[in-house]
Amino acid sequence: MSQLLDIRNLNVSFPGHDAVKNLSFGIEAGETLALVGESGCGKSTTALSLLRLLPDSARVSGSIVFEGRDLQTLPEEEICALRGNAISMIFQEPMTSLNPVLTIGQQVVEAIRLHQPLSAQAAKARAIELLELVRIPEPQRRFNDYPHNLSGGQRQRVMIAMAVSCHPRLLVADEPTTALDVTIQAQILELLDQLRRELSMAVLLITHDLAVVEQWADRVVVMYGGKKIEEARSEILFERPRHPYTQGLLGASLQMEQNYHYRDGRLPEIRTEQKGDERIFTLSGREHAAPLPPISQSEKPLLSLQDVHTHYRSRNGVVHAVKGVSFDVAPGESVGLVGESGCGKSTLSKTIVRLVASSAGKILLDGDDIAKLDGARLRPYRRRVQMIFQDPYASLNPRHTVAEILDAALLIHDVKDKTERRRRIEQIVDLVGLPQRALRSYPHQFSGGQRQRIGIARALVLKPALVICDEPVSALDVSVQAQILNLLVDLKREFGLSYLFISHDLSVVRYIADKVLVMNGGRIVDSGDHNSIWQNPQHEYTRSLIAAVPSSSAHRQSGHVEETQRELLIA
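Residues numbered from 1 in each chain as written. Predicted model: local features only at pLDDT ≥ 70, side-chain atom pairs only at ≥ 80, totals over all residues. Heavy atoms only, no water.

A.B. asks: Would you explain the sheet that holds strand β1 (residues 3-14) in this entry?
C.D. replies: Each strand in a sheet pairs with another by means of backbone hydrogen bonds, the pair being arranged parallel or else antiparallel. Strand order across the open sheet formed by four strands is β2-β1-β4-β5, with antiparallel pairing between neighbours. Of all the strands in the sheet, the pair left with one neighbour each is β2 (17-28) and β5 (69-70). Note: β1 against strand β4 (residues 59-66), seven bridges, orientation antiparallel. Within β4, the residue paired with Ile7 across the bridge is Ile64. Against the sheet, helix α1 (residues 43-50) engages β1, β2 and β4, with an angle of about 115 degrees to β1. (Pairing = 2+ DSSP bridges. Helix = DSSP H or I, 4+ residues; strand = E, 2+ residues; numbered from the N terminus. Contact = heavy atoms within 4.5 Å. Axes fitted to C-alpha atoms, helices over the stretch in contact; angles between N-to-C directions.)

A.B. asks: Looking at this structure, how should I read the pattern of salt bridges?
C.D. replies: Opposite charge on two side chains allows them to pair when their charged atoms are near. Summed over all chains, the structure comprises 27 salt bridges. Between Arg169 and Glu67 there is a salt bridge, with the nearest N and O atoms lying 2.9 Å from each other. Placement of the pair is Arg169 in the loop between α7 (152-163) and β7 (170-174) and Glu67 in the loop between β4 and β5, with a sequence separation of 102 residues. Of the charged contacts in the structure, one is a salt bridge between Glu235 and Arg233, with a shortest N-O distance of 3.3 Å. Within this structure, Arg266, Glu269, Arg271, Asp490 and Arg493 form a network of salt bridges that share partners. (Salt bridge = Lys/Arg side-chain N within 4 Å of Asp/Glu carboxyl O.)

A.B. asks: Before we go on, may I ask you to explain the packing of α7 against helix α8 (residues 182-199) in this structure?
C.D. replies: Helix-helix packing is described using two parameters, namely the angle between the two axes and the distance between the axes. Relative to each other, α7 and α8 sit at 10 degrees, their axes nearing to 10 Å. With respect to each other, α7 and α8 are oriented roughly parallel. Crossing handedness for the pair α7 and α8: right-handed. Only Ile184, Gln187, Ile188, Leu191, Leu192 and Leu195 of α8 make contact with α7, whose side of the interface consists of Gly153, Arg157 and Ile160. Taken together, the residues of the contact of α7 with α8 sort by class into six nonpolar, two polar and one charged. (Parallel < 35°, antiparallel > 145°, perpendicular 65-115°, else oblique. Left-handed = near helix turned anticlockwise from the far one by under 90°. Nonpolar A, V, L, I, M, F, W, Y, C, P; charged D, E, K, R; others polar.)

A.B. asks: Looking at this structure, how should I read the nonpolar core?
C.D. replies: As a rule of thumb, nonpolar side chains are buried together in soluble globular proteins. In this structure, Leu406, Ile428, Val432, Ile456, Leu485, Leu491 and Tyr511 are the most contacted members of the largest nonpolar core, which totals 60 residues. In contact with Leu491, other than residues within four places in its own chain, are Leu431, Val432, Ile456, Leu460, Gly496, Leu497 and Tyr499. Residues Phe143, Leu180, Ile188 and Leu191 belong to the second largest nonpolar core, which totals 37 residues. (Core = buried A, V, L, I, M, F, W, Y, C linked by side-chain atoms within 4.5 Å. Buried < 20%, exposed > 50% of the residue type's maximum accessible area, 1.4 Å probe, protein only.)

A.B. asks: Teacher, can you tell me more about unusual backbone geometry here?
C.D. replies: Of all residues except glycine, most have a negative phi; of all peptide bonds, most are trans. One non-glycine residue, Glu138, lies in the positive phi region at around 50 degrees. Inspection of the secondary structure assignment puts Glu138 in the loop between α5 (120-133) and α6 (139-142). With phi around 65 degrees, Asp414 is a residue other than glycine that occupies positive phi space. With respect to the helices, strands and loops of the structure, Asp414 is situated in the loop between α15 (402-412) and α16 (418-431). Judged by its relative accessible area of 44%, Asp414 is partly exposed.

A.B. asks: Help me understand the sheet that holds strand β15 (residues 334-338) in this model?
C.D. replies: In space, the six strands of this open sheet follow the order β18-β19-β20-β15-β21-β22, with mixed pairing throughout. In the strand order of this sheet, the two ends are held by β18 (385-388) and β22 (523-529), each with one partner. The sheet shows a mean angle of 20 degrees between the axes of neighbouring strands, taken without regard to direction. When strand β19 (residues 466-470) meets strand β20 (residues 498-502), the two strands line up parallel, connected through five bridges. In the sheet register, Leu466 faces β20, and the bridge partner there is Ser498. The sheet contacts of helix α17 (residues 448-460) involve β18 and β19, and relative to β18 the element is tilted by about 175 degrees. Packed onto the sheet, helix α21 (residues 540-548) meets β15, β21 (515-520) and β22 and runs at close to 100 degrees relative to β21.

A.B. asks: Sorry, what's going on with empty space enclosed by the protein here?
C.D. replies: To find the voids left in a structure, one rolls a probe of water-molecule size over its atoms. Counting across every chain of the model gives six cavities of 30 Å³ or more. Taken as a whole, the largest cavity holds about 440 Å³ of empty space. Gln185, Asp209, Gln481, Asp505 and Ser507 are, among the 30 residues lining the largest cavity, the residues nearest its centre. Elements with a contribution of two residues or more to the lining of the largest cavity: α8, α9 (210-216), α18 (478-495) and α19 (506-512). With three residues, the top contributor of residues to the lining of the largest cavity is α19. (1 Å grid on protein atoms, 1.4 Å probe; cavity = no way out; pocket = protein on both sides within 12 Å on 5 of 7 lines; lining within 4 Å. Points joined across faces, edges and corners; volume = space filled by probe spheres on them.)

The structure is reproduced here in structure tokens:
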């Protein structure tokens with residue numbers, strides 16, 4: 001292989017903040033290099049630097065040499081000629097990257113004609129070929145669809161079609177599968193690897209999923225605080241990680257092979273402490289969990305769904321999204337719900353909290369059927385069932401402080417006494433691990449993990465009995481994910497909560513759920529306790545989900561974590 005990209009001593013700073021510090025690494029033609037590290041470590045800033053897409057406030061020094069030319073010194077017209085042509089990028093969220101008022105066909109054609117001298121008819125034919133290449137079903141018909149007509153996985157495929165339309169030599173993939181189901185993730189990664197081989201294309205893969213890195217990357221660069229702290233071939237890094245932070249990432253990472261459950265113990269967490277100029281990393285051990293009361297199925301269920309159906313209207317007519325679903329959630333039980341995008345999980349959760357009306361069936365909460373209640377009669381039940389959303393930033397009012405957000409939730413549910421509201425707000429902020437000064441801050445002033453803690457506080461300040469967790473950790477880094485899952489378990493113990501936990505990450509569900517439901521085509525096709533469902537799945541669809549999970553040896557690192565806290569090293 002030959003050196004395609006050579007980054008030397010790259011520094012990127014913004015006013016008051018150094019984002020990338022003295023970073024150096026290279027990528028050879030045809031190889032996949034993974035860039036890993038937690039949010040804010042400089043991964044995406046590095047990727048945007050390659051294409052000169054950083055804002056004007058950024059100050060960049062060092063060299064980024066691509067095929068012998070320093071991208072930092074190229075005239076603007078030459079860098080424009082490279083973007084989307086020799087170097088392409090796939091962004092994390094295709095819905096915000098695709099133009100909502102143009103069809104997907106128009107957008108792929110635009111990407112082609114920007115760099116290739118083709119007629120409109122030839123470009124359309126090429127676009128249809130590309131949609132077929134990335135396995136969009138019925139590409140000629142879907143050519144005229146808009147982004148909102150496609151599923152998340154299909155939108156990501158359209159982004160890939162645009163990115164590879166001009167046969168790039170380097171493809172930058174920034175978290176390309178974070179929000180995708182396990183089967184779609186496997187298909188997308190397999191597709192990228194196939195295109196890499198067919199087009200002799202190098203891939204810079206940015207991700208926080210270590211199992212994906214181990215399966216698909218040739219080499220790995222680990223970043224922390226804007227710096228490269230370790231670089232190695234994939235197999236060496238996972239077998240013998242040298243840096244304490246890398247050891248901590250592997251130790252805190254959940255894997256399907258672990259068979260580890262929240263009732264057995266807490267997840268290891270990476271903790272950092274600054275001592276002068278040195279940063280000390282500490283990996284907490286797998287502490288034994290304080291005992292939780294056993295789940296009693298003989299008690300009256302907290303929630304019982306009986307033959308629930310839900311229909312809604314779309315541009316293509318009426319969609320039967322939930323088809324005869326029945327299950328119970330016992331007091332204090334955590335129920336996991338898994339299945340692909342479009343299977344009905346989100347519609348089912350919205351039906352339970354009555355954001356969407358059911359078409360038939362019963363939804364019993366503490367024995368009362370809430371399916372047909374509305375208005376004032378429904379309000380007492382809304383406090384009993386709360387929701388934690390996948391993206392807390394989108395679900396928090398950006399114009400309100402944390403105190404105002406929590407206060408509004410209490411006011412809506414008739415907690416009139418101002419002193420009582422203040423007491424409950426201060427108590428819940430303590431319980432979710434935020435400082436009291438956070439009450440005076442706005443959502444944009446927090447990290448992703450801290451915003452998720454605010455979302456959890458908003459749900460729990462009302463003292464619900466059931467919390468529906470809709471992908472609450474899917475967008476979080478490994479280390480933050482462990483913290484949030486431990487927090488949910490602590491709060492479950494504190495308040496006796498029941499959870500309906502929706503996730504596409506089967507390793508997370510294996511850890512957090514007492515019982516697992518598998519949904520496909522609007523129906524529950526398989527169910528079982530947290531042991532039997534993984535070890536002896538009854539339905540072929542469940543077996544296909546488990547088979548699609550990236551296999552990893554990372555559990556060898558995390559499977560032998562001592563039960564006491566240990567200092568890893570000084571960075």
